[in-house]
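Coordinate analysis (summary)
What follows is each chain in one-letter form.
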Amino acid sequence: MIDAKYPLTGASDHGVSLAIYMDDPDGNGVELYWDRPKEEWPVDENGGLQMVTEPLDLKELVRLAETSPNLP
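The sections below set out a description of the structure shown in this document. Predicted model only: the values in this text are computed from it and were never measured.

Description of the overall build of the protein chain
The helix and strand tally for the protein chain stands at one helix and four strands. Each helix (α) and strand (β) of the protein chain, taken in turn from the N terminus, gives the series β-β-β-β-α. Against the compact-globule benchmark of 11 Å for 72 residues, the protein chain has a radius of gyration of 14 Å, which places it well outside the compact range. Each principal axis of the C-alpha atoms in the protein chain carries an extent, and together these give about 45 × 30 × 15 Å. The buried share of the protein chain, taken over its 72 residues, is 17%.

A closer look at the side chain of histidine 14
Mapped onto the elements of the fold, histidine 14 is located in the loop between β1 (10-13) and β2 (17-23). For histidine 14, the side chain forms a polar contact with the side chain of threonine 53, separated by 3.4 Å. Not counting chain neighbours up to four residues away, the residues in contact with histidine 14 comprise Ala19, Tyr21, Met51, Val52 and Thr53.

Digging into the sheet that holds β1
As summarised here, the arrangement of the four strands in space is β3-β2-β1-β4, forming an open sheet in which the pairing is antiparallel. The two strands at the open ends of the sheet, each matched to only one other strand, are β3 (29-35) and β4 (54-55). Where β1 and β2 come together, four bridges link them in antiparallel fashion. Paired with glycine 10 across the bridge in β2 is tyrosine 21.

Here we look at a nonpolar patch on the surface
Nonpolar side chains collect at one region of the surface, where Met1, Leu8 and Leu58 lie side by side and expose about 260 Å² of accessible area between them. Among the secondary structure elements, methionine 1 is positioned in the segment before β1.

Remarks on the pairing of β3
Of the pairings in the sheet, the one linking β2 to β3 comprises seven bridges and is antiparallel in character. Looking at the pairing, aspartate 23 lines up with glycine 29 of β3. Between the end of β2 and the start of β3, which pair antiparallel, lie five residues, with glycine 27 showing a positive phi angle near 90 degrees.

Considerations on the pattern of salt bridges
Per the counting criterion, the structure on display carries two salt bridges. Residue glutamate 60 is joined to arginine 63 by a salt bridge in which the shortest nitrogen-to-oxygen separation is 2.7 Å. With a gap of three residues between them, glutamate 60 and arginine 63 both fall in helix α1 (residues 58-67), about one helical turn apart.

Rules and cut-offs
- Residues numbered from 1 in each chain as written.
- Predicted model: local features only at pLDDT ≥ 70, side-chain atom pairs only at ≥ 80, totals over all residues.
- Heavy atoms only, no water.
- Helix = DSSP H or I, 4+ residues; strand = E, 2+ residues; numbered from the N terminus.
- Rg over C-alpha atoms; globule rule 2.2 N^0.38 Å.
- Buried < 20%, exposed > 50% of the residue type's maximum accessible area, 1.4 Å probe, protein only.
- Polar contact = N/O pair within 3.5 Å; in protein donor to acceptor, adjacent residues only side chain to side chain.
- Contact = heavy atoms within 4.5 Å.
- Pairing = 2+ DSSP bridges.
- Patch = residues over 30% accessible without salt bridge, like charges linked within 9 Å, V, L, I, M, F, W, Y side chains within 5 Å.
- Areas by Shrake-Rupley, 256 points an atom, 1.4 Å probe, with all protein chains shown as cover.
- Salt bridge = Lys/Arg side-chain N within 4 Å of Asp/Glu carboxyl O.

And the structure:
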């Protein structure tokens, strides 16, 4: 995606997942996402799920991808 300079329409951290948004060549919205491990999901003091919509740090995401031993 970076090498192709494909335009993104958004990028969000939802607490439980990270999401990147773009449009395909026909203009259809596409979401690519990665779920965090369940034990990392944000919960309140009663154990209720606390989803958020925060900006995704794309530079940090790329750094993690480049240093992850689990990626091919």
